[in-house]
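Spelled out, the chains give:
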Amino acid sequence: MSRTGTATAPSLRDRLRGQLADLKMPGALEALDDILRRVDGGELAAGEALAQLLGAHITLRNARRLQTAMRSARLPVVKTLGDFDFSFQPSVKREQIESLHTLGFLERKENIVLLGPPGVGKTHLALSLAVATAESGRRVYFTTLADLLHSLEEAQAAGRLTHRLRTLVFPTLMVIDEIGYLPITRTGAMLFFQLMARRYEHASTILTSNKSFEEWGEIFGDEVMAAALVDRLVHHCHIVNICGNSYRLRQHADLARRLHTAPEPADQRKEGRRR
Ligand code: ADP
Ligand code: MG
């Protein structure tokens, strides 16, 4: 088959390269030659070629955004919705979680509270929402409550509390993990309250806790303040109550089961030892 007349002219190729470089689209630039080769070979229709070119740009852009966010957002590890096994945790409604991952809650400045015992996937889901937010190009900040209070107390001691609070109001999404694991001082509770009051109706926060709201008074050492905090929190809030087994323990249970149902030769060895 002669490709004369259908092959992309070198001048057009150069123009496309120049345009992609000008638009700062390195992912698309890298994919260009291969896409044009497949267009010239009749493998790719024009529309599909465009979709692939833009797709290459988006893939690289998201990977870079995530890389940057991993540093600036202090995400400890990447977890995604795709890694979450819904069949293991039936109390988690797939529809609700998928809908949250479309990130409409950020536009509406709504909060999310993930409640449940250890190991049920609270941090996993908070992280996957943080990853999706970072990939969308928004600013994210991830912290545990203990680390957050430590940094606020430090700022207060250095006379920089107002500045620090202003910085922490800025991220479109803030994740505050592990509320309830460690006791909080009265000062810590007040600082946390100040931060949440500033973020209220301004930007979204995801909180995770192993304690129910009724127990928050105990965590914060002040029923009135905890009630005011919970009141603001639940006003525009999605509550994900997870009641199920720990995924960490499941992995141990699997291991134990595998050891008990080991293949033939191993069984025979055990039998031998027992005899
Ligand atoms: P929590 O924060 O509720 O204590 P994590 O989110 O840290 O629990 O979960 C513990 C570990 O188990 C993590 O490595 C997490 O990725 C994994 N995990 C938890 N639930 C699931 C699930 N339903 N599907 C896949 N992995 C899960
Ligand atoms: Mg956790």
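Before any of the text, the structure's been laid out above.
Okay, so let's go over this structure. Because the structure is a prediction, the values reported are computed rather than measured. For every chain, the first residue of its written sequence is number 1, and the numbers climb from 1 along that sequence. To read the labels, note that chains go from A and ligands from 1, taken in the order they are written. pLDDT decides what is reported in this predicted model: residues at 70 or higher carry local features, side-chain atom pairs at 80 or more are listed and counted, and totals for whole chains, interfaces and linings draw on all residues regardless. Side-chain measures were taken over the full set of non-hydrogen atoms in the model, leaving aside hydrogen atoms and water.

**Brief notes about the overall build of the protein chain**
Next, step 1: Tallying secondary structure elements over the protein chain gives 13 helices and five strands in all.
Next, step 2: Buried, partly exposed and exposed residues are distinguished by accessible area as a fraction of the type maximum, computed with a 1.4 Å probe on protein chains only: under 20%, between the cut-offs, and over 50%, respectively. Per-residue burial for the protein chain yields a buried fraction of 40% across its 275 residues.
Next, step 3: For the protein chain, long-range pairs separated by at least 24 residues make up 78% of all intrachain contacts whose partners lie at least 6 apart in sequence.
Next, step 4: Residue-level accessible areas treat just the shown protein chains as cover; the underlying method is Shrake-Rupley with a 1.4 Å probe. Surface exposure of the protein chain reaches about 15900 Å², of which carbon and sulfur atoms provide 54%. Numbering of helices and strands runs from the N terminus; a helix is a DSSP stretch of H or I covering at least four residues, while a strand is a stretch of E covering at least two. In what follows, a contact means two residues having at least one pair of non-hydrogen atoms within 4.5 Å.

**A short note on the packing of helix α1 (residues 10-22) against helix α2 (residues 26-40)**
Helix packing geometry: the angle between the two helix axes and the distance between the axes.
Next, step 1: Relative to each other, α1 and α2 sit at 150°, their axes nearing to 10 Å. In terms of axis orientation, α1 runs roughly antiparallel to α2. Along this stretch, α1 crosses α2, giving a crossing that reads as right-handed. Of the residues in α2, those in contact with Arg13, Leu16, Arg17 and Leu20 of α1 are Ala28, Leu29, Leu32, Asp33, Leu36 and Asp40. Only C-alpha atoms enter the line fits that serve as axes; for helices the fit covers just the stretch in contact. Angles between N-to-C directions range over 0 to 180 degrees. For classification, angles of less than 35 degrees are called roughly parallel, those exceeding 145 degrees roughly antiparallel, those between 65 and 115 degrees roughly perpendicular, and all remaining angles oblique. Take the far helix as the reference: if the near one is turned anticlockwise from it by less than a right angle, the crossing is left-handed, and if turned clockwise, right-handed.

**Regarding the site of ligand 1**
Next, step 1: A single heavy atom is enough: if one lies within 4 Å of a molecule or strand, its residue is considered near that molecule or strand. The full set close to ligand 1 counts 14 residues, and Asp85, Gly119, Lys122, Thr123 and His124 are the nearest of them.
Next, step 2: Here ligand 1 loses 87% of its free accessible area of 550 Å² to cover by the protein chains.
Next, step 3: Within the residue set of the shell around ligand 1, elements represented by two or more residues are α6 (122-135) and α12 (247-260).
Next, step 4: Residue contributions to the shell around ligand 1 peak at three residues, all from α6.
Next, step 5: Amino acids outside the nonpolar list (Ala, Val, Leu, Ile, Met, Phe, Trp, Tyr, Cys, Pro) and the charged list (Asp, Glu, Lys, Arg) are all regarded as polar, and Gly is one of them. Of the residues belonging to the shell around ligand 1, the class tally is five nonpolar, four polar and five charged.

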